[in-house]
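This is what each chain is made of:
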Amino acid sequence: MPGPGDAPPTVPALVLAAGGGRRLGGRPKALLGLHGRPLVEHAVRVVREGGCAPVLVVLGAARDQVAATADLTGCTVVANPDWAAGLGGSLRAGLAALPSGSPAVLVTLVDTPGVTPAAVARLLAAHRDGAQLAAAGYAGRRGHPVLIGARHFAEAAAGATGDAGARALLTAHRAELRLVECGDVAVPDDLDTPGDLARWGVG
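Residues numbered from 1 in each chain as written. Predicted model: local features only at pLDDT ≥ 70, side-chain atom pairs only at ≥ 80, totals over all residues. Heavy atoms only, no water.

Colleague: Tell me about the overall build of the protein chain, and please be specific about residues and values.
Modeller: Within the protein chain, the regular secondary structure consists of seven helices and nine strands. The globule rule puts the C-alpha radius of gyration for 203 residues at 17 Å, and the 16 Å found for the protein chain is close to it. Along the first, second and third principal axes, the C-alpha atoms of the protein chain reach 50 × 35 × 30 Å. Across the 203 residues in the protein chain, those meeting the buried criterion constitute 49%. Long-range pairs, those at least 24 residues apart, make up 70% of the contacts in the protein chain between residues at least 6 apart in sequence. In the structure as shown, the protein chain presents an accessible area of about 9,300 Å², 53% of it carried by carbon and sulfur atoms. A gap of 3 Å separates the mean positions of the 18 positive and 17 negative side-chain charges of the protein chain. (Helix = DSSP H or I, 4+ residues; strand = E, 2+ residues; numbered from the N terminus. Rg over C-alpha atoms; globule rule 2.2 N^0.38 Å. Buried < 20%, exposed > 50% of the residue type's maximum accessible area, 1.4 Å probe, protein only. Contact = heavy atoms within 4.5 Å. Areas by Shrake-Rupley, 256 points an atom, 1.4 Å probe, with all protein chains shown as cover. Lys, Arg positive; Asp, Glu negative; His and termini not counted. Charge placed at Lys NZ, Arg CZ, Asp CG, Glu CD.)

Take a look at the structure:
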């Protein structure tokens, strides 16, 4: 427990970066290039600049190649050997690896290059204001990143199956979820097709 005058505990980030890019011809999304560097580095920079610490990166497809190619200095790398079964396994692995006492976690996806530090900072501010579940909103529609308070960790892990991620948790607690509008500072697009890569200049 922090004492009087102590800074509150920081909120860690989970960067889910295990996917194999099946719809992109089997190119792992973590290794796609953005501004000359692997996409996973961009995701790590965004959550750090937004105020998250520490940063955990969940890797799966081409894990050794990603670890050797990307600069993940200061990150905790979490292996998801069952990455092919979907996003849910990566979320479970990441939640299990969180430092003890984490008050919440910010979950982001490696293939959302339009997420910005400003969006991350808004979700962290919502948590400081009492939110235990929050998600970036884009014109009123839920998107990424998502913030999950510690009291929901077990339920989030239990509901993370296949490609569902935190969907079951957020649906079950719809009334509690705080939607934090981020459409003025971020873009919710994900990278699923070659056309998506072309639009973002990712290769």
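This is not the end of the story, as more comes after the structure.
Colleague: Tell me what's going on with the sheet that holds strand β6 (residues 104–109), and back it up with residues and numbers.
Modeller: Two pairing modes exist for strands in a sheet, parallel and antiparallel, and in both the strands are linked by backbone hydrogen bonds. Taken together, seven strands build an open sheet; the order of strands is β5-β4-β1-β6-β8-β7-β9 and the sheet is mixed. For this open sheet the edge positions go to β5 (76–79) and β9 (178–181), each flanked by a neighbour on one side alone. For this sheet the average axis-to-axis angle between neighbouring strands, irrespective of direction, equals 30 degrees. Pairing of strand β1 (residues 13–17) with strand β4 (residues 55–59), which is carried by five bridges, proceeds in the parallel orientation. Of the residues in β4, the one forming a bridge with A17 is L59. Its contacts with the sheet place helix α3 (residues 87–96) against β1, β4, β5 and β6, and it is angled at close to 150 degrees to β1. (Pairing = 2+ DSSP bridges. Axes fitted to C-alpha atoms, helices over the stretch in contact; angles between N-to-C directions.)

Colleague: If you had to explain the side chain of Q132 to someone new, which residues and values would you point to?
Modeller: Considering the arrangement of structural elements, one finds Q132 in the loop between α4 (117–128) and β7 (133–138). In this structure Q132 touches H127, L147, I148, G149, A150, R151, H152 and E176, once residues within four positions along its chain are discounted.

Colleague: I'd like a rundown of α4, residues and numbers included.
Modeller: Compared with an ideal rise of 1.5 Å per residue, which puts 12 residues at 16 Å, α4 spans 16 Å between its outermost C-alpha atoms and is within 8% of the ideal. Of the positions making up α4, those classed as buried are A119, V120, L123, L124, A126 and H127. Down the axis of α4, the smallest arc covering the buried residues is 155 degrees, so these residues share one side. Packed against the buried residues of α4 are α1 (39–50), β6, β7, β8 (141–149) and β9. Residue G130 follows α4 closely and has a positive phi angle near 115 degrees. (Expected span 1.5 Å × (residues − 1). Arc of directions from axis to C-beta.)

Colleague: Break down the pairing of β4 for me, with residues and values.
Modeller: Of all five residues in β4, five are buried; the element is thus mostly enclosed. Across the two faces of β4 the burial is the same, with V55, V57 and L59 and L56 and V58 all buried. Note: β4 against β5, four bridges, orientation parallel. Pairing of L56 across the sheet is with T76, part of β5. Following the chain from β4 across helix α2 (residues 63–69) to the adjacent parallel β5, one finds a crossover that is right-handed. (Right-handed = clockwise from strand over helix to strand, strands pointing away.)

Colleague: With reference to specific residues and values, describe the pattern of salt bridges.
Modeller: Evaluated as defined, the whole model comprises seven salt bridges. Among the ionic pairs, R45 bridges to E49, the shortest N-O distance being 3.1 Å. Pair noted here: R45 and E49 are both in helix α1, with a separation of four residues, about one helical turn. Looking at R45, the relative accessible area reads 38%, which means it is partly exposed. (Salt bridge = Lys/Arg side-chain N within 4 Å of Asp/Glu carboxyl O.)

Colleague: Give me the lowdown on the packing of α1 against α4, citing residues and values where you can.
Modeller: Two elements in contact, α1 and α4, have axes separated by 7 Å at closest approach and are oriented at 45 degrees. In terms of axis orientation, α1 runs oblique to α4. Both α1 and α4 take part in a crossing whose hand is right-handed. Where α1 abuts α4, its residues V46, V47, E49 and G50 lie against P117, V120, A121 and L124. (Parallel < 35°, antiparallel > 145°, perpendicular 65-115°, else oblique. Left-handed = near helix turned anticlockwise from the far one by under 90°.)

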